[in-house]
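# Close look at the chain arrangement
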Amino acid sequence: MRQVLTALTDELKRLKAEGVAAVSVTPEALAGLQRVVRARAIAQPSDDVSATPAEPLPVPVKTSNVAPPAVSPTVPVADKLPSPPQVRLPEGDKQTKWDALLETVRQDPVCRAQLRPGKQVVLGVGDLNARIMFVGEAPGAEEEVQGEPFVGPAGQLLTRMIAAMGLSREEVYIGNIMNWRPQMPVNADGVQFGNRPPTPEEMAYCLPYLRAQIEIVDPGLIVALGATAAHGLLGAGTFKALGEVRGSWRDFSGRPLMITYHPSYILRNQSNRSKRMIWEDLLKVMERAGLPISDKQRGFFLGK
Ligand code: URA
């Protein structure tokens, strides 16, 4: 249970660092969490979680109709992983290299061990000659089913953001730090509920596969979407809050790296201010990539 609470706390801290002020929790899930906290207070009075046994969780709560998970006893965090793989790409053109990389990732026993039945590892997608590469965090529920990054709600928003830049999804390359969906507890039907950010060990394991994609595509610039992707590229602990680094150019292996918000942040935070901030970052990307920018685009509020 400690792992469940730690994973939950970590996710709430991450959301808070991204500026999220409220999360949706069903009344049933909230009651379940409060029961856990009270039970821990009785069983382990010295535990810090028990400091507020009868208090509501310190989260502004909006209710939703999403079913709460039936939580299994442990969160299977892959923190004892072997050393990251050494990727050797074959001779040949980009497609040959990419196909070989996909097969390598699909056969990787560590990646395979993270998959639930019927689910897939996920490699990037898009133009192997793209000038711009977007890098997100990890596959979610839809992505591990389809085997393609950014096809769920956040992905649909990312596709609209790319369209607002005057490009199509097929003209850029979209990848993730992670090749598998970080595991969370499953409900009684064996269905994973919710997502958690990958651990530094999980990201370190998958990073060579992202580097190989960067080597193949050879993009002029990279856009990191959200704090986790930025930490995965820049290194854990390089910044505390995304606000410290977003909107400014960094370097990743000699390539310009723009850090901006993850589209899921905009889905949770629909204010014009946050939409404008992410759009300003994308305008910088367009400028640096030499894309034409109309007056309409300059004055645009994403999603308006
Ligand atoms: N979020 C990500 O970071 N990547 C995906 O592929 C989907 C959602």
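The shown structure was predicted, so the numbers you read here are calculated from the model rather than taken from an experiment.

### Here we look at the side chain of arginine 116
Among the structural elements, arginine 116 can be located in the loop between helix 4 (109–113) and strand 3 (125–126). One buried charged side chain, arginine 116, makes no salt bridge at all; its nearest oppositely charged neighbour is glutamate 144, positioned 6.1 Å away. A distance of 2.6 Å separates the side chain of arginine 116 from the backbone oxygen of methionine 184, its partner in a polar contact.

### So, the environment of arginine 211
Mapped onto the elements, arginine 211 comes out in helix 7 (residues 200–217). Setting aside residues no more than four positions away along its own chain, arginine 211 makes contact with Phe252 and Ser253.

### Some thoughts on the site of the ligand
The environment of the ligand is formed by Gly136, Glu137, Ala138, Glu143, Pro149, Phe150, Asn176 and His262. Within the backbone of glutamate 137, one N or O atom sits 2.7 Å away from an oxygen atom of the ligand. Between the ligand and asparagine 176, the relevant distance is 2.8 Å, taken from an oxygen atom to a side-chain nitrogen or oxygen of the residue. Along the lines of polarity and charge, the residues of the shell around the ligand split into three nonpolar, three polar and two charged.

### Some points on the packing of helix 3 (residues 94–107) against helix 7
Relative to each other, helix 3 and helix 7 sit at 170 degrees, their axes nearing to 10 Å. Put simply, helix 3 runs roughly antiparallel to helix 7. Contacts between helix 3 and helix 7 involve Lys94, Lys97, Trp98, Leu101, Thr104 and Val105 from the former and Tyr209, Ala212, Gln213, Ile216 and Val217 from the latter. Residues belonging to the contact of helix 3 with helix 7 are distributed by class as follows: seven nonpolar, two polar and two charged.

### With respect to the pairing of strand 6 (residues 221–225)
For a regular strand, side-chain orientation follows a simple rule: the groups alternate between the two sheet faces. Summarising burial for strand 6: five of the five residues are buried, a large majority. Alternating positions in strand 6 separate into two faces, Leu221, Val223 and Leu225 on one and Ile222 and Ala224 on the other, with burial throughout. Bridging between strand 4 (residues 132–136) and strand 6 involves four bridges; their strand directions are parallel. Counterpart to valine 135 in the pairing with strand 6 is alanine 224. In terms of strand pairing, strand 6 meets strand 8 (residues 255–260) through four bridges, oriented parallel. In the sheet register, leucine 225 faces strand 8, and the bridge partner there is threonine 260.

### Here we look at helix 6 (residues 153–164)
Its 12 residues place the ends of helix 6 17 Å apart at the C-alpha level, agreeing with the 16 Å of an ideal helix rising 1.5 Å per residue. Within helix 6, the full set of buried residues consists of Ala154, Gly155, Leu157, Leu158, Met161, Ile162 and Ala164. Against the buried residues of helix 6 lie strand 4, strand 5 (173–176), strand 6, helix 9 (263–268), helix 10 (272–289) and helix 11 (295–298). Backbone geometry just after helix 6 places glycine 166 at a positive phi near 90 degrees.

### What to know about helix 10
Its 18 residues give helix 10 an end-to-end C-alpha distance of 25 Å, which sits within 8% of 26 Å, the value for a rise of 1.5 Å per residue. Listing the buried residues of helix 10 in full gives Ser274, Lys275, Arg276, Met277, Ile278, Trp279, Asp281, Leu282, Leu283, Val285, Met286 and Ala289. Positive backbone phi, approximately 75 degrees, marks glycine 290, located one or two places after helix 10.

### A look at unusual backbone geometry
A negative phi angle characterises most non-glycine residues, just as the trans form characterises most peptide bonds. The backbone of phenylalanine 150 shows a phi angle near 50 degrees, a positive value even though the residue is not glycine. Inspection of the secondary structure assignment puts phenylalanine 150 in the loop between helix 5 (141–146) and helix 6. A positive phi angle, close to 50 degrees, is found at serine 253, a residue other than glycine. Along the polypeptide, serine 253 turns up in the loop between strand 7 (249–252) and strand 8. Residue class for serine 253 comes out partly exposed when judged on its relative accessible area of 48%.

### So, the pattern of salt bridges
As enumerated under the stated definition, the model contains seven salt bridges in all. Note that arginine 276 and glutamate 280 form a salt bridge whose closest N and O atoms lie 3.2 Å from each other. A residue pair is termed a helical-turn pair when its members lie 3 or 4 positions apart in one helix, as arginine 276 and glutamate 280 do in helix 10 at four residues. The exposure class of arginine 276 is buried, given its relative accessible area of 18%. Residue class for glutamate 280 comes out partly exposed when judged on its relative accessible area of 34%.

### So, the pairing of strand 8
The element strand 8 is extensively covered by neighbouring structure, given that six of its six residues are classed as buried. Where strand 7 and strand 8 come together, four bridges link them in antiparallel fashion. From the neighbouring strand, arginine 250 faces strand 8, where its bridge partner is leucine 257. Linking strand 7 to strand 8, which pair antiparallel, is a turn of two residues; within it serine 253 sits at a positive phi near 50 degrees.

### Thoughts on the environment of isoleucine 174
Looking at the secondary structure, you find isoleucine 174 in strand 5. Classification of isoleucine 174 as buried rests on a relative accessible area of 0%. It is 8.8 Å that separates the C-alpha atoms of isoleucine 174 and aspartate 127, two residues lying 47 residues apart in sequence. The residues contacting isoleucine 174, other than those within four sequence positions of it, are Gly124, Val125, Phe134, Pro149, Phe150, Leu158, Ile162 and Arg169.

Calculation criteria
Residues numbered from 1 in each chain as written. Predicted model: local features only at pLDDT ≥ 70, side-chain atom pairs only at ≥ 80, totals over all residues. Heavy atoms only, no water. Helix = DSSP H or I, 4+ residues; strand = E, 2+ residues; numbered from the N terminus. Buried < 20%, exposed > 50% of the residue type's maximum accessible area, 1.4 Å probe, protein only. Lys, Arg positive; Asp, Glu negative; His and termini not counted. Salt bridge = Lys/Arg side-chain N within 4 Å of Asp/Glu carboxyl O. Polar contact = N/O pair within 3.5 Å; in protein donor to acceptor, adjacent residues only side chain to side chain. Contact = heavy atoms within 4.5 Å. Near = heavy atom within 4 Å. Nonpolar A, V, L, I, M, F, W, Y, C, P; charged D, E, K, R; others polar. Axes fitted to C-alpha atoms, helices over the stretch in contact; angles between N-to-C directions. Parallel < 35°, antiparallel > 145°, perpendicular 65-115°, else oblique. Pairing = 2+ DSSP bridges. Expected span 1.5 Å × (residues − 1).

Honestly, that's just the spatial picture; any functional story needs more than this.
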